[in-house]
Amino acid sequence: MNSQRSNLSSTLHSLDGRSYGNYKQIRGRYEFGPVTVFIDRVQVDPFASPSKVRIRINRAEAGFPTDITTERADRIAVSDFLFRVGNSFLHRTDRHAIILGRPGQEVLERTNVVIDDEGFEARLLVNLPARGRRILGHQAADILTRDVPELAQAMFVHANLATSAQASDGPTRDDSGNDAQDDSSDALREHVQLHRDQLELQNHLGEEDLLAFVGNGAILPRRSGDSDLPMDSRAVAFTSPSSLEHTVTLSSGRSLTGMAIPRGVTVIVGGGYHGKSTILRALERGVYPHIAGDGREWVITEPSATSIRAEDGRAVTGDDISPFINNLPSGTDTRAFTTTNASGSTSQAANLVEAVEVGARSLLIDEDTSATNFMIRDERMRALIPAEREPITPFVDRIRPLFTRRGVSTVLVAGGSSAFFEVADHVIALDAYVPQEVTEKAHELVGVDPAELEGASPADRDAASPASPVNREDESADDSGDMFAAPRPRIPTATALRPSSKTKSAKAKGLGQVQFGKAFIDLAAVSQLIDPQQTTGIAEALEYMAEIFDDRTSLTDALAEVEDMLDAQGVDGLTGNRDHPGHVSRPRPQEIAAALNRFRGLRLVE
Ligand code: ADP
Ligand code: MG
């Protein structure tokens with residue numbers, strides 16, 4: 001083993017001063033005690049993307065308890081913990097040539113650190129050092145034969161976690177080795193338990209017909225517009241309105257009290273700057289589990305919840321937006337609506353029907369990012385413009401049947417209009433960040449008999465009387481009962497994702513863009529895409545789906561196939577390069593669909 005170490009070391013020393021291309025001879029596998037280092041790919045010049053290196057330790061040497069490293073979900077949590085430990089180790093020791101990836105506030109499934117039945121593995125990117133185009137061999141030897149194996153020791157040897165994790169958490173309470181060891185195992189166990197509890201609570205939402213849970217004490221606001229860290233002591237902690245308060249006791253014994261948002265229609269009102277959008281943004285993020293200390297640990301949203309906004313300028317291919325838009329002056333068929341440049345209202349309609357198409361069971365909508373004419377139309381405007389001259393049936397007329405006929409719930413922020421009072425199951429008013437339930441008062445104001453709303457649940461969809469305001473959609477002449485019947489599946493052509501001009505693999509460009517052949521897919525408006533590694537995952541998923549489409553497979557079936565593969569193989573399965581997949585996180589099917597839907601080259605089988 002030591003001979004291998006000195007092999008790599010002496011090779012690197014001897015390469016000092018030679019031209020950069022000579023680095024390629026260090027490709028291979030090296031043993032450093034219990035640590036195996038794989039140099040999978042060597043960059044060709046100092047400015048190319050960094051070299052790909054893996055470190056691996058087998059289970060016996062790593063010495064982690066098996067009860068938290070066996071279940072798939074636990075492995076994700078432990079990987080995330082070790083990812084963070086490794087990161088702070090690199091940071092603390094100023095080892096900037098080694099890149100492990102950048103963790104955020106959420107726990108995501110990612111390729112950076114993985115646990116399998118045999119052992120623990122981290123995938124690194126390493127910038128091999130140079131002066132001009134000459135190899136800095138002595139430095140490279142330090143990086144690859146000292147720093148990289150030390151990183152593996154720090155992350156993957158359970159007994160070392162204390163020292164590694166300690167420094168990352170700042171000063172420790174206890175300097176004696178044993179207690180620190182216990183502390184760090186405790187921190188790991190707590191990390192896993194938090195993740196388990198969050199997933200259990202998310203499952204509980206489904207069982208109880210709830211859409212989201214916001215725990216009392218949660219800190220929803222962020223430090224600043226460009227920071228995802230919790231706001232400091234100025235933050236007002238969340239407290240549930242008593243009428244929506246719900247206590248859940250989890251199998252761990254942990255008991256949580258907070259606001260339970262039921263399925264149906266929930267409207268959040270309140271004065272400007274009173275925290276409405278902040279709650280909605282927390283719910284958007286609540287589809288992902290958050291780390292301890294984030295403030296949103298107990299903000300849990302059902303996993304398919306999708307944020308819907310206006311996004312004028314986007315391309316739309318063959319969407320059935322006819323529940324919202326009909327009789328366009330151009331004569332365009334809105335049952336298969338295609339445009340290269342959607343308006344505010346048509347883009348929001350497209351975003352909505354696409355979300356429902358991939359299985360969103362709830363929609364999160366903020367007035368701040370909505371097209372007003374998509375959302376509402378007031379009575380005077382209804383009187384002035386005859387229905388047949390107005391292509392748009394506003395969302396306020398559709399929000400109720402969307403729930404009763406398709407089972408799709410909505411949480412809506414609407415501070416500027418009372419229009420949604422009559423279709424809301426719950427109205428929550430924010431006053432200086434403190435929520436109160438004001439449903440009764442809101443219903444009184446608009447003269448709604450709550451009993452009629454109660455009846456309008458998916459189970460007994462015809463119970464509401466046709467005259468009730470909740471059925472206002474029935475006023476429009478062209479409406480039919482199956483308006484929200486599932487639209488016909490959209491089937492991309494076999495070549496849609498294989499344009500002949502495309503010679504390179506799809507590639508993420510930061511968080512908000514994917515380069516696909518000559519085209520760029522703009523994802524800036526997709527707010528639940530939260531990590532650039534997910535964007536990389538989307539790029540990989542598009543390549544994966546290019547293989548699936550065959551003129552017969554629908555978009556939703558292809559996405560389901562991707563999901564099944566991801567469940568079975570993890571994120572590694574997305575990438576063609578099995579040895580070192582790079583840094584990729586798992587995107588939700590909603591965000592993969594968002595990219596496909598925004599791809600301007602998408603073509604459908606007629
Ligand atoms: P609205 O959508 O009602 O206009 P926002 O949600 O945009 O309001 O919040 C307005 C400001 O108040 C933001 O700067 C936000 O960070 C801050 N804020 C939101 N919630 C809280 C809270 N619970 N405690 C302290 N500040 C908050
Ligand atoms: Mg707002």
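Predicted model only: the values in this text are computed from it and were never measured.

**Student:** Honestly, the overall build of the protein chain in this entry has me stumped. Any pointers?
**Tutor:** Looking only at helices and strands, the protein chain features 16 helices and 25 strands. The C-alpha radius of gyration computed for the protein chain amounts to 27 Å, which stays within 12% of the reference 25 Å derived for 606 residues, consistent with globular compactness. The principal-axis extent of the C-alpha atoms belonging to the protein chain is close to 85 × 60 × 35 Å. Of all 606 residues assigned to the protein chain, the portion counted as buried reaches 56%. By sequence separation, contacts in the protein chain at least 24 residues apart represent 70% of the contacts at least 6 residues apart. Only carbon and sulfur atoms are counted for the fraction: they give 48% of the accessible area of the protein chain, which is about 26,100 Å². If the 64 positive side-chain charges of the protein chain are averaged to one point and the 88 negative ones to another, these points end up 9 Å apart.

**Student:** How should I be thinking about the domain arrangement of the protein chain in this particular structure?
**Tutor:** Segmenting the protein chain into domains produces domain 1 (3-168), domain 2 (306-360 + 362-407 + 447-478) and domain 3 (507-598). In this complex, domain 2 contributes twelve residues to the contact, which on the side of domain 3 involves twelve residues. Here domain 2 and domain 3 share an interface that buries about 1,000 Å² over both sides, 48% of which is from carbon and sulfur atoms. Seen at the junction of domain 2 and domain 3, the total is one salt bridge. Where E311 meets R598, a salt bridge forms, and the shortest distance between an N and an O atom there is 2.7 Å. Our count for the contact surface shared by domain 2 and domain 3 stands at five residue pairs in polar contact (both at pLDDT 80 or more). If you list the elements that add at least two residues to the side of domain 2 that touches domain 3, you get strand 16 (306-308) and helix 8 (344-357). Broken down by element, the residue count for the side of domain 2 that touches domain 3 peaks at three residues, all from helix 8. Classifying every residue of the side of domain 2 that touches domain 3 gives four nonpolar, three polar and five charged.

**Student:** Explain the site of ligand 1 to me, please; I cannot follow it from the model alone.
**Tutor:** The local shell around ligand 1 holds 14 residues, among which V236, Y273, K276, S277 and T278 are the closest. Y273 places a main-chain nitrogen or oxygen 2.7 Å from an oxygen atom of ligand 1. Within the side chain of K276, an N or O atom sits 2.8 Å from an oxygen atom of ligand 1. Taken together, the residues of the shell around ligand 1 break down into six nonpolar, six polar and two charged.

**Student:** Explanation requested: the sheet that holds strand 15 (residues 299-301) in the structure shown.
**Tutor:** Working definition: the strands of a sheet are paired by backbone hydrogen bonds and lie parallel or antiparallel to each other. Strand order in this open sheet of four strands is 12-13-9-15, and the pairing throughout is antiparallel. Lying at the two open borders of the sheet, with one neighbouring strand each, are strand 12 (245-249) and strand 15. Across the sheet, the axes of successive neighbouring strands diverge by a mean angle of 35 degrees, strand direction being ignored. Sheet analysis places strand 12 next to strand 13 (residues 255-262), joined by five bridges and oriented antiparallel. Paired with E245 across the strands is M259, a residue of strand 13.

**Student:** Explain the coordination of the magnesium ion (ligand 2) here, please?
**Tutor:** Geometry sets the ideal angles at a metal, namely 109.5 degrees for four tetrahedral donors and 90 or 180 degrees for six octahedral donors. Coordination of the magnesium ion (ligand 2) by the protein comes from S277 (OG) and D368 (OD), over a distance range of 2.0 to 2.2 Å. Here S277, found in helix 7 (residues 276-285), pairs with D368, found in the loop between strand 19 (362-366) and helix 9 (372-375); they are 91 residues apart in sequence, far enough to count as distant. What makes S277 buried here is its relative accessible area of 13%. Looking at D368, the relative accessible area reads 57%, which means it is exposed.

**Student:** Is there a simple way to think about the packing of helix 15 (residues 555-569) against helix 16 (residues 589-598) in this case?
**Tutor:** Packed helices, taken two at a time, are described by their axes: the angle between them and the distance between them. At a closest axis distance of 10 Å, the pairing of helix 15 and helix 16 adopts a crossing angle of 135 degrees. By the angle between their axes, helix 15 is oblique relative to helix 16. Taken as a pair, helix 15 and helix 16 cross one another with a handedness that is right-handed. For the pair helix 15 and helix 16, contact is made by L555, L559, V562 and E563 and by P589, I592, A593, L596 and N597, respectively.

**Student:** What exactly am I supposed to notice about the sheet that holds strand 19 here?
**Tutor:** Ordered in space as 16-19-20-14-21-22, the six strands form an open sheet in which the pairing is mixed. Edge strands, defined here as strands with exactly one partner in the open sheet, are strand 16 and strand 22 (434-437). Across the sheet, the axes of successive neighbouring strands diverge by a mean angle of 20 degrees, strand direction being ignored. Sheet analysis places strand 19 next to strand 20 (residues 409-413), joined by five bridges and oriented parallel. The residue bridging D366 from the neighbouring strand is V413, located in strand 20. Seen against the sheet, helix 7 touches strand 14 (265-270), strand 16, strand 19, strand 20 and strand 21 (426-431) and runs at an angle of roughly 150 degrees to strand 19.

**Student:** Got a minute to help me understand the UniProt feature "domain: ATPase of the ABC class C-terminal" (unreviewed entry) in the protein chain in this structure?
**Tutor:** Using the residue numbers shown here, the UniProt feature "domain: ATPase of the ABC class C-terminal" (unreviewed entry) corresponds to residues 186-449. Its end C-alpha atoms 53 Å apart, residues 186-449 is made of 29% helix and 25% strand.

**Student:** Just checking my understanding: could you explain the packing of helix 14 (residues 532-548) against helix 15 for this structure?
**Tutor:** The interhelical angle for the contact between helix 14 and helix 15, taken along N-to-C directions, is 120 degrees, at an axis separation of 10 Å. In terms of orientation, helix 14 and helix 15 fall into the oblique class. Helix-helix and strand crossings are classified by hand; for helix 14 and helix 15 the assignment is right-handed. Contacts from Y544, M545 and I548 in helix 14 reach A558, L559, E561, V562 and M565 in helix 15. Looking at the contact of helix 14 with helix 15 residue by residue, the class counts come to seven nonpolar, no polar and one charged.

Cut-offs and rules
Residues numbered from 1 in each chain as written. Chains lettered and ligands numbered in written order. Predicted model: local features only at pLDDT ≥ 70, side-chain atom pairs only at ≥ 80, totals over all residues. Heavy atoms only, no water. Helix = DSSP H or I, 4+ residues; strand = E, 2+ residues; numbered from the N terminus. Rg over C-alpha atoms; globule rule 2.2 N^0.38 Å. Buried < 20%, exposed > 50% of the residue type's maximum accessible area, 1.4 Å probe, protein only. Contact = heavy atoms within 4.5 Å. Areas by Shrake-Rupley, 256 points an atom, 1.4 Å probe, with all protein chains shown as cover. Lys, Arg positive; Asp, Glu negative; His and termini not counted. Charge placed at Lys NZ, Arg CZ, Asp CG, Glu CD. Domains from an automatic or database assignment. Buried area = accessible area lost by both parts, 1.4 Å probe. Salt bridge = Lys/Arg side-chain N within 4 Å of Asp/Glu carboxyl O. Polar contact = N/O pair within 3.5 Å; in protein donor to acceptor, adjacent residues only side chain to side chain. Nonpolar A, V, L, I, M, F, W, Y, C, P; charged D, E, K, R; others polar. Near = heavy atom within 4 Å. Pairing = 2+ DSSP bridges. Axes fitted to C-alpha atoms, helices over the stretch in contact; angles between N-to-C directions. Donors = N, O, S within 2.8 Å, 3.2 Å for Na, K, Ca; no water. Parallel < 35°, antiparallel > 145°, perpendicular 65-115°, else oblique. Left-handed = near helix turned anticlockwise from the far one by under 90°. UniProt positions renumbered as here; feature names shortened; annotations may be inferred.

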